[in-house]
Structures are given as C-alpha cells and as structure tokens.
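Spelled out from the first residue to the last, the chains are:
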Amino acid sequence: MEEKVILLTGGTGYIGSHILLELLKDSKYNNHTLVVVDNLSNSNLKNFSRLIRKLDFQKQRVKFHQINLATESDRLEKEIFCCYHVEAIIHLAGLKSVKESIQEPLMYYQNNVVGTLNLLALVKKYCYATPIRFIFSSSATVYGEGCLLPIKEDARKLGGYDRSSGSGPINPYGRTKLILEEILRDLVIEQGSIWKITILRYFNPIGADPNGLVVEDPTGIPENLIPYVVKVIRGELPELNVFGNNYSTPDGTCIRDYIHVVDLAKAHLAALKYDQLSNLEIFNIGTGTGYSVLEVISEFKKLGYSVPWKFAARRPGDSPQVYADSSRAELLLDWKAELGLTEMCRDSIRG
Ligand code: UD1
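Residues numbered from 1 in each chain as written. Predicted model: local features only at pLDDT ≥ 70, side-chain atom pairs only at ≥ 80, totals over all residues. Heavy atoms only, no water.

Visitor: Would you mind showing me how to read the environment of Val307 here?
Guide: Along the chain, Val307 turns up in the loop between helix H9 (293-302) and strand E13 (309-312). Overall, the relative accessible area of 3% leaves Val307 in the buried class. (Helix = DSSP H or I, 4+ residues; strand = E, 2+ residues; numbered from the N terminus. Buried < 20%, exposed > 50% of the residue type's maximum accessible area, 1.4 Å probe, protein only.)

Visitor: Hey, could you run me through the site of the ligand in this one?
Guide: The environment of the ligand is formed by 19 residues, the closest being Leu225, Asn241, Arg256, Arg315 and Asp318. Within the side chain of Ser139, a nitrogen or oxygen atom sits 3.3 Å from an oxygen atom of the ligand. At 3.3 Å, a side-chain N or O of Thr141 approaches an oxygen atom of the ligand. Look at the ligand: alone it shows 740 Å² of surface, and the protein chains cover 87% of it. Elements represented by at least two residues in the shell around the ligand include exactly helix H7 (225-233) and strand E8 (240-243). Considering every element that reaches the shell around the ligand, the biggest residue donor is E8, with four residues. In terms of residue class, the shell around the ligand is built from 10 nonpolar, five polar and four charged. (Near = heavy atom within 4 Å. Polar contact = N/O pair within 3.5 Å; in protein donor to acceptor, adjacent residues only side chain to side chain. Areas by Shrake-Rupley, 256 points an atom, 1.4 Å probe, with all protein chains shown as cover. Nonpolar A, V, L, I, M, F, W, Y, C, P; charged D, E, K, R; others polar.)

Visitor: What exactly am I supposed to notice about the sheet that holds strand E2 (residues 32-38) here?
Guide: By definition, the strands of a sheet pair up through backbone hydrogen bonds, in either a parallel or an antiparallel sense. Ordered in space as E3-E2-E1-E4-E5-E6-E11, the seven strands form an open sheet in which the pairing is parallel. Strand pairing shows two members of the sheet lacking a second neighbour, strand E3 (62-66) and strand E11 (280-285), which therefore form its edges. Neighbouring strand axes in the sheet, compared pairwise and without regard to direction, differ in orientation by 15 degrees on average. Two elements, strand E1 (residues 4-9) and E2, share six bridges in a ladder whose sense is parallel. In the sheet register, Leu7 faces E2, and the bridge partner there is Val35. (Pairing = 2+ DSSP bridges. Axes fitted to C-alpha atoms, helices over the stretch in contact; angles between N-to-C directions.)

Just geometry here; none of it tells us what the structure is for.
Right under this line is the structure:
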C-alpha cells in the first residue's frame, strides 16, 4: 500500500506542534506518516523532540527535515517531494512578528512569499494526479481596520480592490498573508482541478496543551499580550504595560478574540476532513467572543495570579475591537471552539 503522507511546514513551532499533537491523537491518521519541515528559526528542536518521544515512541510516524523553504527549494524537492507521496499539506512556515516585518520588510516578503511560492511550485510539479489538500495558515490581520463586527470572511474578499469594508493589512507581515491568499486564488482559477485549498484566518491563538506536552517558550521580550503576561506572572518582567485606556470599548482597553491553541489545532483537522464545496474556501477561526485587556488580566487574577500592570500609550496600529464571526466554520467544517477564557489563561501558565 502506498504510504499516506501529511506534510506540515513550520511544524515545530507553537501552532504546528499543537497540530501535530492532534494528528497523532486522532486514530484516523494512524496510518499516515507526518512529515515536518521547519528551518528552526523560531522554534526549539529540544521541545519538539521531547513531544515526539512522548507521543510517537517506536512508531516513527513523524519525520523531521530541517529545510528553509525560501532558500533550499532543491532540498525540499529531493528530500520531500521525490521521496513521499504527499496527500495533504498544512502550510504554517512563516515569520510572524508585526514589528520585525516593519523593520525588515524584504526579509518578510522573501521568507513568507518566496518560501510559499517554492512550495507551491513543487506541489504543482509532483501532486497533480489527485486534488491536493492545501491548508494555509492566514491571519485576521488581513482585515485591517474598520470592519463591521463581528468580522465575516467577506470583509476581505480576494481578487479585487474592494475597500468597502476593512482597510486591509496595515503592515508588511499582514500583506504577506494577503498576497499569499491572492496567489492561492489565482492558482485555483488557473487549474482548479489540482487544488483543494482551505485558508484559515486565525484570530488570537493563546494557551497550550493542558497536559504540558507542548511548551511555548518565546525568547526575548514578547510583543503579544499573553506571552508578556506570563513572563510578568513568572517574575521575568516587572509589569505589564496596557496599551491605551481610552478606546471606544466599555473599559477603554482593546478587545480581541482569543482562541485556545488546541481549538485552533482541531480546526486544521476539521479542514482536512472537510469535503469542500469549492476548490478554495476561507474560514475565520475564532471563538466569536471578544475580551478586553483588563478582562484578561482579571481572569488571571481569578485563577490566583498577580499581574502588576499600568496604563501606557496606545500601540500604533491597534484596532479597538477585533472579533470573529466563525459561523461559517461551524456550519461547514463542523468545528467550533470549545474552550473558554478560563482554560486559555490556565493553560498559558501551564505551558
Ligand atoms: C497582534 C498583531 C497581529 C497578529 C496578532 C497575532 C499588532 C499590531 N498586531 O495582534 O498582526 O496577527 O498579534 O499574533 O502587533 N497589549 C497590551 N500590552 C502588551 C501587549 C499587548 O496592552 O504588552 C494589548 C494590545 O494593545 C492589544 C491586545 O493586548 O489590544 C492584544 O495584543 P496582541 O497579543 O499583540 O494581539 P493583536 O494586537 O490582536
């Protein structure tokens, strides 16, 4: 029997490791080889190997290849596409810091856009016999500012310059995601029969595996709220700066749609199983509920953690409120976020 292979790019990172964990736990994928490609630029092979040892011992279903998609296309071809019959791809590999993308736009376009183009060229060369499932990790950042709430997928339509809803991405990182979404759309128009593409627009993933199997361990000072709060709770940073106190929200601080990373990981498995309506589908992946920064702090307090904080100036580019309408994913993928803010905060500390 031909080996069934799922390729997971960026599979050693925070989200990728949680997806791998779900794939290993799901009996439907017992006979699959899970091939992880990652350049390890933002992840830790030690944590990843620990996860594999615990879950995949002796079965050797997980294969790891340290490859940079943007610069090592030849190795990607020889080591992956020439060796495995890839049935589905979950493509997460990419840089993700907004701040860094403003400072180093070329690096972001090179890494995210060129890396994906190299991957897509090989998919087209080797996988044309069957429609290939390609799940792309996108972001709510493609909506930009000024969308109607809750945000529906059609607030950012592909294939045009419809500015009637949101502003579109406001930084190079977000633009790499939108450019890639547009490229995927063009591929489907060119040759729909080879593709089954699902774009997942993530809202704000937080938390970690409740059993502590996957550890998020950002180096340096985190930019995102929850990793920063965790470092404050652990005493590694003195206090949280709450960016802005006079936004047009009930308590004046920004509201976001936080989603437990385990729920997010499960959305990828739902997308893998989904018998698509069309060759390109787009889904918001959030909970549909927004929480303010002060509500998040208060949730940690309820769990018994002290979070010293103070108000600071607004962070440029922050929208007052962002939360998803995820009803399309619920209806078509039969997926819904199950874990609430309490679990998200509890598991962020555990990770
Ligand atoms: C940020 C990115 C977004 C990216 C997303 C997911 C920006 C402008 N946006 O979104 O493109 O897709 O992360 O990783 O960077 N906050 C504080 N103090 C802090 C950190 C954050 O008050 O030290 C506030 C922010 O102002 C915001 C909320 O917490 O209101 C959440 O911030 P963050 O975790 O960075 O997520 P986003 O702003 O949604």
